[in-house]
Amino acid sequence: MTITANTQLANLFSQNLESINRSTDGLLATLGSELVYTQDRTGRYLTFDWQHSEFLDLKTEKILDVLNKHKTFTPVDEIAYLERLQRILTNLVPERVQCWFKCSQDLLELELTITPIMPRLGQVATTVLVMGRLLQARVKTQVVNQESRQPSQPELTLPSLKMPQVSQQHQKLLNKITRNIRRTLNLDVIWQQTVDSLGKVLKVERCVICPYQPNITKVQVIAEYHQPGLDPMLGSEIDISSEPAFAQVLATLEPMVIEFPVPNNSQKQKFLLVATCYQDQANALFALSLSNECHILTETELELSRELADQLGTAIAHATLYKELEEARQQAEEASRLKSEFLANVSHEIRTPLNGMIGLLKLILEGMADGPEEHEFVQDAHDLSIHLLSILNDILDFAKIEAGKMDIRCGPVRLHELFTDVENFVRPQAEMKNLSFQMQMPSTSDEIIVQGNYRRLLQVLLNLVGNALKFTNEGGVTISADLVLKKGKGKLQSPTLPGMVKVRVADTGIGVSLDKQDKLFQLFSQVDGSRTRHYGGTGLGLTISQKLIEAMGGEVHFYSLGEGLGSTVTFTVPLYQQPVLFSPVECEIETQF
């Protein structure tokens, strides 16, 4: 039958649809086809007539209700079939196709001609006329032609996977896979053992597995088994949002046969897609390649897929939990080690000035010093006590920060006054080490006032400059400040926050290697935490400075190009009011921070 004839017949059918609906016998008599039915674009049957209906246990009474409600006669690849219906109704072009239908426990290959029923001018086509014939019926291991099959033959089911004696092998296969994956809690080993076992036992061309976590949009092939000569899919990413079948399997946790593209292949290949789960939550997807022949999952195969998915999903969950517990244990051990190392270093830092104070005072009490020497001993003891007090203050500040009890009250602070006090403290130290010490302020015609806590800002600057001097033996230290003013209608535009001041403390000291810089802001961590380290200190200064600046609305950053290349620490603090710039060229203008 040609396409033109089909179209003409569809027009004739459209004109007589109402009368045909009342008489399915008249439909057969009029069209002379073995199988005739009509459907809407959703696949719902409107009329149905077939010479083999009784043979297939489809009673003529209420046949449409049985077909639509119980889906007793549906395409194996229903998604592709409905897509074809949509295309035909849109393009208004008939198509001829061979496809497989499942009916009860049988698998039937049909040759169909699907023709759109032409609507009236200006209307949209919503119905198709389908005429066809039965080519073959697959029954377990037999293929029966429509002429040779008799109604007395038993209805059996064809295994869809190409593996012999599925019902006898599935328990052995399941036991083997379960035994292998329970021997280890290494996820990488579980992934590979699973695909290897499935691929080899089932003799499929390809088997892949993808881990899955809730709320992710892409999955990646993390393990693969494939026959020699096939291009690998390992590492390939699959977008779940663009593959409805993947989303459906993850939502329903039911196996499904899908078509999916493979590398260097213009045609799509069929896969059995199964979601593994634990406590009704999907945690992985595995896919088995299938041949291009028809496929329908039997009850045995469905049970095998569900049991395997359940066993594998449980193993994945246990391995994942073990991995997380192992990582948590390692982190706890590392934290415990760092804390022990930190306490040992702090004890050493406390004992050193305390022993010095005790020794100096003992010499004075025993009359071993008099006159100028006694005054010098008293001064040294005083300096050591101040150093000890600084260490204890750092420890107390750290404890308050960790307990969330650090209360910082902010107000206007004059930047010039802050820098002057810092210079008075640290310039003598720089001169004792023959280091240069420079301070640079932005050029403004009025004072720069920031919003912060004066005592805490002074503590931060003294910590940063003290570290710079301690780790610098040649060159010097430079403190500079830049204005970062807001411009335009940025999202931070506010009359109470005109901008920020960025303070830099740069030195020409020993620097820090790139692989150790991440330790600088870690709790209880130092770049060199050994007891024999060359430079002392508790290692709390940078961490405390970061917490204090963040509490005042700023940020702290550390920069170093490597060992021997110096270091730069920057922090920002909000402006209390915008100053009048003397030379705008010298100020850094940024729109956002």
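Our subject is the structure that appears above.
Throughout, a residue's number is its position along its own chain's written sequence, starting from 1. Given that the model is predicted, a residue must reach a pLDDT of at least 70 before its local features are reported, and side-chain atom pairs must reach 80 or more before they are shown or counted; all residues, however, enter totals for whole chains, interfaces and linings. With hydrogens and water excluded, all non-hydrogen atoms of the structure serve as input to the side-chain values.

## Quick word on the pattern of salt bridges
Two side chains carrying opposite charge are able to pair once their charged atoms lie near each other. Salt bridges are defined as contacts in which a side-chain nitrogen from Lys or Arg sits within 4 Å of a carboxyl oxygen from Asp or Glu. For the structure on display, the rule yields eleven salt bridges. Between Arg 329 and Glu 333 there is a salt bridge, with the nearest N and O atoms lying 2.5 Å from each other. A residue pair is termed a helical-turn pair when its members lie 3 or 4 positions apart in one helix, as Arg 329 and Glu 333 do in helix 9 (residues 299-365) at four residues. Using a 1.4 Å probe on the protein chains alone, a residue whose accessible area is under 20% of its type maximum counts as buried, one over 50% counts as exposed, and one in between counts as partly exposed. By relative accessible area, Arg 329 is classed as partly exposed at 37%. For Arg 504, the salt bridge identified is with Asp 482, shortest N-O distance 2.2 Å. Of this pair, Arg 504 sits in strand 19 (residues 499-507) while Asp 482 sits in strand 18 (residues 476-485), and the two are 22 residues apart along the sequence. Classification of Arg 504 as partly exposed rests on a relative accessible area of 24%. When salt bridges that share partners are traced, they join Arg 84, Arg 87 and Glu 95 into one network. By definition, any uninterrupted DSSP run of H or I lasting at least four residues is a helix, any uninterrupted run of E lasting at least two residues is a strand, and each is numbered from the N terminus.

## Details of the sheet that holds strand 10 (residues 223-226)
Taken in spatial order, the five strands of this open sheet run 10-8-14-13-12, and their pairing is antiparallel. Each edge of the open sheet is held by one strand with a lone partner, namely strand 10 and strand 12 (256-261). Strand after strand, the sheet turns through a mean of 25 degrees between neighbouring axes, direction not considered. Pairing between strands is defined by DSSP: at least two bridges between the two strands are required. Relative to strand 14 (residues 281-289), strand 13 (residues 268-278) runs antiparallel, the two sharing eight bridges. Bridge pairing in strand 14 links Val 274 to Phe 286. Residue contacts follow a heavy-atom distance rule, with two residues in contact if any of their heavy atoms lie within 4.5 Å. Interaxial angles span 0 to 180 degrees and are taken between N-to-C directions of axes, which are lines fitted to C-alpha atoms, for helices over the stretch in contact. The sheet contacts of helix 7 (residues 187-202) involve strand 8 (206-211), strand 10 and strand 14, and relative to strand 10 the element is tilted by about 20 degrees.

## So, the nonpolar core
Side chains of a nonpolar character, in soluble globular proteins, are inclined to be buried together. Only buried residues count toward a nonpolar core, which is a set of Ala, Val, Leu, Ile, Met, Phe, Trp, Tyr and Cys residues joined through side-chain atoms within 4.5 Å. Formed by 47 residues in total, the largest nonpolar core has its most connected members in Leu 457, Leu 461, Val 465, Val 501, Val 503 and Phe 571. Contacts of Leu 461, omitting those with residues within four sequence positions, involve Leu 418, Phe 419, Val 422, Gly 466, Val 503, Val 505 and Phe 571. Grouped together as the second largest cluster of nonpolar side chains are 25 residues, Tyr 45, Phe 101, Leu 112 and Val 128 included.

## Notes on the side chain of Asn 463
Residue placement: Asn 463 occurs in helix 12 (residues 454-470). Of the residues examined, Asn 463 reaches a relative accessible area of 16% and is grouped as buried. Not counting the four nearest positions on each side in its chain, Asn 463 is found in contact with Asp 394, Gly 541 and Ser 545.

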